[in-house]
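Chain by chain, the residues run as shown.
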Amino acid sequence: MAKAASKTGTVSGLDYLAHVDKYAPGRLCAIYGDDTFLKLEVLTALRRSKLGEGEADFSLTTFAGREVQLRDVLDALSARSLFGEGEPLVVIEDADPFVSEYRAALEDYLTNRPRGLLVLDVKTWPSNTRLAKAVAALGSYAFDCNSPKEAQLKRWMAQRAKDLYNVRLDTASADALLELVPPEMGVLAQEVAKLVLLVGESRTINVTLVTENVGGWRTRATWDMVDAAADGRASEALAQLDRLIASGEKPHGLLPQMAASLRKFATALDLINAAALEGRRLPPREALAQAGVPPFKLSDAERQLRQLGRRRAAALTQWLLAADLALKSYNSADDRARTELERLIVRLGIGADKVAASHL
């Protein structure tokens, strides 16, 4: 079921894509946010909803927001296509400067019961402006296309795989995808499309398929390096670091990837300690799940947390902060930055056979 639009007329871009027929646009709508792929998907759905297919595209006019004049927009909205029979659709890309210059005129435009649909592609759309309130009052919408959260991305990937390709993408596989590639809709859409070609008769994208085929070898090598370091296998992690740097990776880019995984161990320990203060026991596996470790990695992560032990897990945040500050200041040169990563890896691996007493 579609979510109801807010009183400000704001609708999530993902909600609109899932229920296009529930949100018929009025005479003016805005598409705002930082996710370019989501904005393009919403705009495509709007075009199909308004114009259909085929020759109706002759009723579409697109302008650049920094160049177009209001009179050109109004002319396009009042024109009738020689081919298409529908009302005109006018899209203004990068429309923030256009809106700033013609805000009052756009408010007047809405009160004149205009013809056609004007779509404003903007970075922001404050709901407290008179223009935004006028759009909402006329029953139209502002589509929020800011980067979705991970839970939303997982649902979207599964739905996309089902609707476009008749393929099942399970939760564990969605988790694996988000571990291997940036949480960007355009990148994820490409990876899902690639995996669809490899599913075979099962019509299912599983974790094995994802881990074997998603991301380049550098992505997998970085993941392996972090796993080796957390496992206490310092020599193996250092060898992976050497290969990554030799291939062109920069220490400044590797540290954030390492930190994203290692911080989850520190967070899990904080959760365990907080539970202990309340007089209850929180199992490491449950704490790791709450810290954001995906289900398919929980077994490995639990083993790694026990290997780290309380003392080193508690020091992780401090170590990561120190490494980050070093890479941004006195050790910013590539060779010295590499030394910081090596120091962090060795710290994770020190005494792996002597920390039983501090295990969780």
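It should be emphasised that the depicted structure is a prediction, and the values quoted were computed from it without experimental measurement.

The rules we used
- Residues numbered from 1 in each chain as written.
- Predicted model: local features only at pLDDT ≥ 70, side-chain atom pairs only at ≥ 80, totals over all residues.
- Heavy atoms only, no water.
- Pairing = 2+ DSSP bridges.
- Helix = DSSP H or I, 4+ residues; strand = E, 2+ residues; numbered from the N terminus.
- Axes fitted to C-alpha atoms, helices over the stretch in contact; angles between N-to-C directions.
- Contact = heavy atoms within 4.5 Å.
- Buried < 20%, exposed > 50% of the residue type's maximum accessible area, 1.4 Å probe, protein only.
- Salt bridge = Lys/Arg side-chain N within 4 Å of Asp/Glu carboxyl O.

**Q** Which residues make up the sheet that holds strand β6 (residues 142-144), and what are the values?
**A** As summarised here, the arrangement of the 6 strands in space is β1-β6-β2-β5-β4-β3, forming an open sheet in which the pairing is parallel. Bordering the open sheet on either side are β1 (10-12) and β3 (60-64), each of which pairs with just one other strand. Along the sheet, successive strands turn relative to each other by an average axial angle of 20°, direction set aside. As paired elements, strand β2 (residues 28-32) and β6 share 3 bridges and run parallel to each other. Counterpart to Tyr32 in the pairing with β6 is Asp144. Docked against the sheet, helix α4 (residues 96-111) engages β2, β4 (89-93) and β5 (117-122), running at close to 150° with respect to β5.

**Q** Can you lay out the environment of Val167 for me, pointing to particular residues and giving the numbers?
**A** The topology assignment puts Val167 in the loop between α6 (150-165) and β7 (168-169). On the basis of relative accessible area, Val167 is assigned to the buried category, the value being 2%. For the pair formed by Val167 and Val192, sequence separation is 25 residues and the distance between their alpha carbons is 9.8 Å. With near-sequence residues (within four places) excluded, Val167 lies in contact with Ala161, Lys162, Val196, Val199, Arg203, Thr204 and Ile205.

**Q** Provide a residue-level description of the side chain of Asp170, including the pertinent values.
**A** Looking at where Asp170 falls in the secondary structure, it is placed in the loop between β7 and α7 (171-180). In this structure Asp170 touches Ile205 and Asn206, once residues within four positions along its chain are discounted.

**Q** I'd like a description of the pattern of salt bridges, backed by residues and values.
**A** Following the criterion strictly, the structure yields 17 salt bridges and no others. The shortest N-O distance in the salt bridge between Lys154 and Asp175 comes to 2.5 Å. Here Asp175 lies in helix α7 and Lys154 lies in helix α6, a separation of 21 residues in the sequence. The exposure class assigned to Lys154 is partly exposed, which follows from its relative accessible area of 25%. The partner of Arg280 in a salt bridge is Glu278, and the shortest N-O contact between them spans 2.9 Å. Taking the relative accessible area as the measure of exposure, Glu278 reaches 56% and is therefore exposed. Connected via shared salt-bridge partners are Asp231, Arg233, Glu236, Asp300 and Arg303.

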